[in-house]
Amino acid sequence: MKVIVIGPRGKMGKLITQVAASRDDMELVGAIAPKGRDYIGKDLGTVAMTGFELGVPVTDDLENIIDSCDVIIDFSTKEMAMEVLDLAIAHKKALVCGSTGFSAEEMKRFEEAGKQIPMLYAANTSKLVNIMNKLLELVTATLKDEIDIEILHDQWKKDAPSGTSKEMGEIMAHALGKELSDIAVYGREGESPREPGTIGYHSLRAGNIPSSHTVYFGGMGERLEITHHSYNWECFARGACDCAAYLEGKGPGFYSIKDVLGI
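Everything numeric in this text was worked out from a predicted model, so none of it was measured.

**Observations regarding the overall build of the protein chain**
Alright, step 1. Tallying secondary structure elements over the protein chain gives 10 helices and 12 strands in all.
Alright, step 2. Against the globule reference of 18 Å for 263 residues, the protein chain gives a C-alpha radius of gyration of 19 Å, in line with a compact fold.
Alright, step 3. Counting every position in the protein chain, which comprises 263 residues, the buried fraction comes to 49%.
Alright, step 4. Counting contacts in the protein chain only where the partners sit at least 6 residues apart, residues at least 24 apart contribute 67% of the total.
Alright, step 5. Accessible surface, the protein chain as shown: approximately 12800 Å² in total, 51% of it carbon and sulfur.
Alright, step 6. The averaged location of the 39 negative side-chain charges in the protein chain is 2 Å from the averaged location of its 28 positive side-chain charges.

**Considerations on the pairing of strand β4 (residues 71-74)**
Alright, step 1. Taking every second residue as pointing to the same face, both faces of β4 are buried, with Val71 and Ile73 on one and Ile72 and Asp74 on the other.
Alright, step 2. Bridge analysis of strand β1 (residues 2-6) against β4 gives 4 bridges, and the strand direction is parallel. Its bridge partner being in β4, Ile4 is matched across the sheet by Ile72.
Alright, step 3. For β4 and strand β5 (residues 94-97), the ladder comprises 4 bridges, and the chain directions are parallel. Within the sheet, the bridge partner assigned to Asp74 lies in β5 and is Cys97.
Alright, step 4. Crossover β4 to β5 through helix α4 (residues 78-90) is right-handed.

**Quick notes on the environment of Glu106**
Alright, step 1. One can find Glu106 in helix α5 (residues 104-113).
Alright, step 2. Along the chain, Glu106 and Met80 lie 26 residues apart, while their C-alpha atoms are 12 Å from each other.
Alright, step 3. Looking at Glu106, its side chain comes within polar contact range of the main-chain nitrogen of Ser103, at 2.8 Å.

**Things to note about the nonpolar core**
Alright, step 1. Val3, Ile16, Val71 and Val96 are the most contacted members of the largest nonpolar core, which totals 35 residues.
Alright, step 2. The set of elements that each furnish at least two residues to this core consists of β1, α1 (11-22), β2 (27-32), α2 (44-47), β4, β5 and α9 (234-246).
Alright, step 3. In this structure Val96 touches Val71, Ile72, Ile73, Asp74, Phe75, Leu120, Ala240, Cys243, Ala244 and Leu247, once residues within four positions along its chain are discounted.
Alright, step 4. Within the second largest apolar cluster, 27 residues are counted, among which are Ile32, Val84, Leu87 and Ala113.

**Digging into the packing of α4 against α5**
Alright, step 1. Running from N to C, α4 and α5 point in directions that differ by 25°, and their axes come no closer than 11 Å. The orientation of α4 with respect to α5, classified from their angle, is roughly parallel. As for how α4 packs across α5, the hand of that crossing is left-handed. In this structure, α4 uses Lys78, Met82, Leu85, Asp86 and Ile89 to contact α5, whose residues at the interface are Glu106, Arg109, Phe110 and Ala113.
Alright, step 2. In terms of residue class, the contact of α4 with α5 is made up of 5 nonpolar, no polar and 4 charged.

Definitions and limits used
- Residues numbered from 1 in each chain as written.
- Predicted model: local features only at pLDDT ≥ 70, side-chain atom pairs only at ≥ 80, totals over all residues.
- Heavy atoms only, no water.
- Helix = DSSP H or I, 4+ residues; strand = E, 2+ residues; numbered from the N terminus.
- Rg over C-alpha atoms; globule rule 2.2 N^0.38 Å.
- Buried < 20%, exposed > 50% of the residue type's maximum accessible area, 1.4 Å probe, protein only.
- Contact = heavy atoms within 4.5 Å.
- Areas by Shrake-Rupley, 256 points an atom, 1.4 Å probe, with all protein chains shown as cover.
- Lys, Arg positive; Asp, Glu negative; His and termini not counted.
- Charge placed at Lys NZ, Arg CZ, Asp CG, Glu CD.
- Pairing = 2+ DSSP bridges.
- Right-handed = clockwise from strand over helix to strand, strands pointing away.
- Polar contact = N/O pair within 3.5 Å; in protein donor to acceptor, adjacent residues only side chain to side chain.
- Core = buried A, V, L, I, M, F, W, Y, C linked by side-chain atoms within 4.5 Å.
- Axes fitted to C-alpha atoms, helices over the stretch in contact; angles between N-to-C directions.
- Parallel < 35°, antiparallel > 145°, perpendicular 65-115°, else oblique.
- Left-handed = near helix turned anticlockwise from the far one by under 90°.
- Nonpolar A, V, L, I, M, F, W, Y, C, P; charged D, E, K, R; others polar.

Purely geometric numbers; function is a separate question.
Structure below.
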């Protein structure tokens, strides 16, 4: 597959470039930086620190090179992601997006894009996180109102709650037959007894932990905790490339990493 990476200097874009460059089934044909960056025009291998040049210059004009690719991998900002989405639709290119922080209306645009292009959105591309999501669904669907649910996440990024923890909450809310927006509680202060049937969110910001998520299921006299820790972002970069490879030969559709993993 011929791949264009968005944001090759970012923490995810850099690792995605490194992983894609190491794969025999992928060829990097372009990389897009935000306008004004001092590394525009430099070799992608140098920018992403692959250890060797790739013969591909970094540019700030996706429309100029988009027709050379089969798939775009975008883990940039939500503002840049919306521009990339519009161009992917216009040029009928497969798109993997892992950016987060979108509104419900913006997410609807990604879903609608699946009617025209192979579109895969994943708030978290870690295989183990997505297996954890299946476990969360199982526990919630089995115990329903017998348990209280609290989510604690620690992530070195701006979003609070994180895109991953929002996805976890949505999975569990749907297993309860509810919408997360109706039952989520974000932090507590003062006298704040627990409201039955809610999902509590707590956000930590400490050091440079890439991503840690714990879901607490509180029962009477017992508690179950399911936790995932990532030690670095490589697991997400590998997952992103697996998502891109999955789209090869696929028709239009709104895909998820569940499709990639077959779960």
